[in-house]
Amino acid sequence: MKETTTDVTTRLLDACLGKPVDATPIWLMRQAGRYLPEYRALREKLSFIEMCHRPDVAAEVTLQPLARYELDGAVIFADILLPLEGMGIGFHFDSHDGPVIERTVRAAADLDGVHVGDPGTDTPYVLEAVRLVVRELAGKVPVIGFAGAPFTLASYVIEGGHSRNYADVKRLMLAEPSTFARLMALLADTVVAHLLAQVEAGAQVLQLFDSWVGALGPGDYERFAAPHTRRVLEAVSGRGVPVIHFACGASGMLAQVRAAGGDVVGVDWRIDLDRARDELGDGVAVQGNLDPAALLGPPGELERHAADVLRRARGRPGHVFNLGHGVLPSTPPDAVARLVELVHEWNPEG
Ligand code: CP3
């Protein structure tokens, strides 16, 4: 062990700020979810949305992975799409197709009645879940609040659900840039309000999910997405809460992603971690970047993949271990246990 003043409670916060830590902190996107039998047991009785709407259930689900593993953060059980309802954009989850937007935005007139949301009235259940988890954890590890980045949310609002090629988003972006920018601005303002409300409720770390921004090339990212992301990240920075900017599929434009803001940039597994750090430069921490599928292989392969990420972190401060995207539902819970141990026991000098 290196001599540091950090402990379990501040490991994640310290790593986000580039300070030395006693062990690399680890949390996993989608650490609460379907790979856990205790989640599936609750899910048999309630729909996903019902689970989100019940703060007691959302708090319980948030804490499920922490009861099993020594994770360094508790990401609140909720969804990036929840704020849309309060903006006048209804949606539901279809058990086969995932999220379905009830009225898509494809032209200026579709924005009639769409407005900036208010977390206090639209999603009070998320804020109550944050308060419950904060109370329950009593400072043991930080609570991670989150929101979707404007582009990722806009992709749902415009496409109506999942998309393969993002043709509708890109068409609106290029053919009706002012309508696209209006939607992005409404989303950005809503996201800022949701993030700040989670901080007020007790969240100590924030993550902005730009899960689908990899659909854009660097030039279009810079023109159409980055200004809105930057606005969000500027509005929530400087409040003593580290902000993780996760940009999936964006390894070809890390300099632009970094320039859009965040104390930490989250990267996926399509780039080696050392190369990502070189491209990001100094003064920013990095999160990632194990391929979630590494948890599906035999223990030896998991070890090999995790060690590769850790070795490439080179023992330099400012690394938060995570997957490059969410835990897959078919992940064996024991593999997560092995991974958490491996990361905490890693000796960078060894
Ligand atoms: O990470 C966590 O453990 C916290 C909870 C969380 C969920 N969604 C729970 C969830 C978080 C942080 C999210 C973020 C989210 N939601 C993102 C960004 C992260 C990413 O994966 O890129 C996105 C794109 C969504 C939208 C969303 N929600 C989709 C596309 C789906 C359907 C696909 C799927 O995985 O089922 C969801 C549903 C969802 N969100 C589930 C969970 C646990 C599954 C619900 C179920 O039990 O059926």
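Heads up: the structure comes first, above all this text.
What comes next is a walk through the structure. Within every chain, residues take consecutive numbers counted from 1 along the sequence as written. Totals for whole chains, interfaces and linings use every residue, but because this is a predicted model, local features are given only for residues with pLDDT of at least 70 and side-chain atom pairs only at 80 or more, for both listing and counting. Only hydrogens and water are removed before side-chain values are computed, so all heavy atoms of the structure are retained for them.

### Description of the environment of Gly-261
So the rule is basically this: Starting at the N terminus, helices and strands are each numbered in turn, a helix being any DSSP run of H or I of at least four residues and a strand any DSSP run of E of at least two.
Within the secondary structure layout, Gly-261 lies in the loop between α12 (254-260) and β7 (264-266). In the structure, Gly-261 is positioned 195 residues away from Leu-66 in sequence and 29 Å away in space, judged by C-alpha atoms.

### Quick notes on the pattern of salt bridges
What counts, and what does not: Take a side-chain nitrogen of Lys or Arg and a carboxyl oxygen of Asp or Glu: if they are within 4 Å of each other, that pair is a salt bridge. Relative accessibility under 20% of the residue-type maximum defines a buried residue, over 50% an exposed one, and the middle range a partly exposed one, all with a 1.4 Å probe and only protein chains included.
Overall, the coordinates contain 19 salt bridges when judged by the stated rule. Residue Arg-131 pairs with Glu-128 through a salt bridge whose shortest N-O separation is 3.2 Å. Within this pair, Arg-131 and its partner Glu-128 are both found in helix α7 (residues 124-137), separated by 3 residues, close to a single helical turn. Of the residues examined, Arg-131 reaches a relative accessible area of 37% and is grouped as partly exposed. Classification of Glu-128 by relative accessible area gives partly exposed; the value is 27%. Of the charged contacts in the structure, one is a salt bridge between Asp-272 and Arg-312, with a shortest N-O distance of 3.5 Å. Taken together, the positions of Asp-272 in the loop between β7 and α13 (273-280) and Arg-312 in helix α14 (residues 299-313) put the pair 40 residues apart, joining distant regions of the chain.

### Some thoughts on the packing of aromatic side chains
As a reminder of what qualifies: A pair of Phe, Tyr and Trp rings is counted when the ring centres sit within 6.5 Å of each other, with Trp represented by its six-membered ring. The angle between the planes then sorts it: under 30 degrees is stacked, over 60 is edge-to-face, the rest tilted.
For the coordinates displayed, the defined rule picks out 7 aromatic pairs. Measuring from centroid to centroid gives 5.5 Å for Phe-146 and Phe-209, while their planes differ by 85°, and the two rings are edge-to-face. Of this pair, Phe-146 sits in strand β4 (residues 143-148) while Phe-209 sits in strand β5 (residues 205-210); the two residues are 63 residues apart in sequence, bridging distant segments of the chain. With relative accessibility at 11%, the residue Phe-146 sits in the buried group. Ring centres of Phe-180 and Phe-224 lie 6.4 Å apart, and the angle between their planes is 85°; on these two criteria the pair is classed as edge-to-face. Of this pair, Phe-180 sits in helix α10 (residues 177-201) while Phe-224 sits in helix α11 (residues 218-236), placing them 44 residues apart in sequence.

### Focus on the layout of surface pockets
Over the atoms rolls a probe the size of a water molecule, and in doing so it shows where empty space is left. Here is the rule we go by: Using a 1 Å grid laid over the protein atoms alone, points where a 1.4 Å probe fits but cannot get out form a cavity; open sets with protein on both sides within 12 Å along at least 5 of 7 lines form a pocket; any residue with an atom within 4 Å of a point counts as lining. Grid points are joined across faces, edges and corners, and a volume is the space filled by probe spheres set on the points. Polar here means any residue outside two lists: the nonpolar Ala, Val, Leu, Ile, Met, Phe, Trp, Tyr, Cys and Pro, and the charged Asp, Glu, Lys and Arg; Gly therefore counts as polar.
Volume-wise, the largest pocket comes out at about 1200 Å³. Taken together, 39 residues form the lining of the largest pocket, with Arg-30, Arg-34, Phe-48, Asp-79 and Phe-93 sitting closest to its centre. If you list the elements that add at least two residues to the lining of the largest pocket, you get α2 (37-45), α3 (48-53), β2 (91-94), β3 (98-101) and α8 (150-159). For the lining of the largest pocket, the class distribution of residues is 22 nonpolar, 11 polar and 6 charged.

### Re helix α15 (residues 333-345)
Heads up, the rule is: Each residue after the first adds 1.5 Å to the expected span of a helix.
The end-to-end C-alpha distance of α15 is 19 Å, a good match for the 18 Å that 13 residues give at a rise of 1.5 Å each. All of the buried residues in α15 are Pro-333, Ala-335, Val-336, Leu-339, Val-340, Leu-342, Val-343 and His-344.

### Some details on empty space enclosed by the protein
All told, the structure shown has 1 cavity of 30 Å³ or more when counted by the stated rule. As a volume, the largest cavity reaches approximately 120 Å³. Contributing to the lining of the largest cavity are 14 residues, with Pro-83, Val-126, Phe-146, His-194 and Gln-198 lying nearest its centre. Class assignment of the residues belonging to the lining of the largest cavity gives a composition of 10 nonpolar, 3 polar and 1 charged.

### Quick look at the sheet that holds strand β9 (residues 319-323)
Formally: When DSSP locates at least two bridges between a pair of strands, those strands are taken to pair. Residues count as neighbours in contact if any of their non-hydrogen atoms are within 4.5 Å of one another. Interaxial angles span 0 to 180 degrees and are taken between N-to-C directions of axes, which are lines fitted to C-alpha atoms, for helices over the stretch in contact.
In spatial order, the strands read β1-β4-β5-β6-β7-β8-β9; together these 7 strands make up an open sheet with parallel pairing. At either margin of the open sheet sits one strand with a lone partner, and together these are β1 (74-75) and β9. Two strands pair when backbone bridges link them, and β4 and β5 are joined in this way by 5 bridges, in the parallel orientation. Of the residues in β5, the one forming a bridge with Ala-147 is Leu-208. Contacting β5 and β6 (243-247), α11 runs over the sheet at an angle of about 165° to β5.

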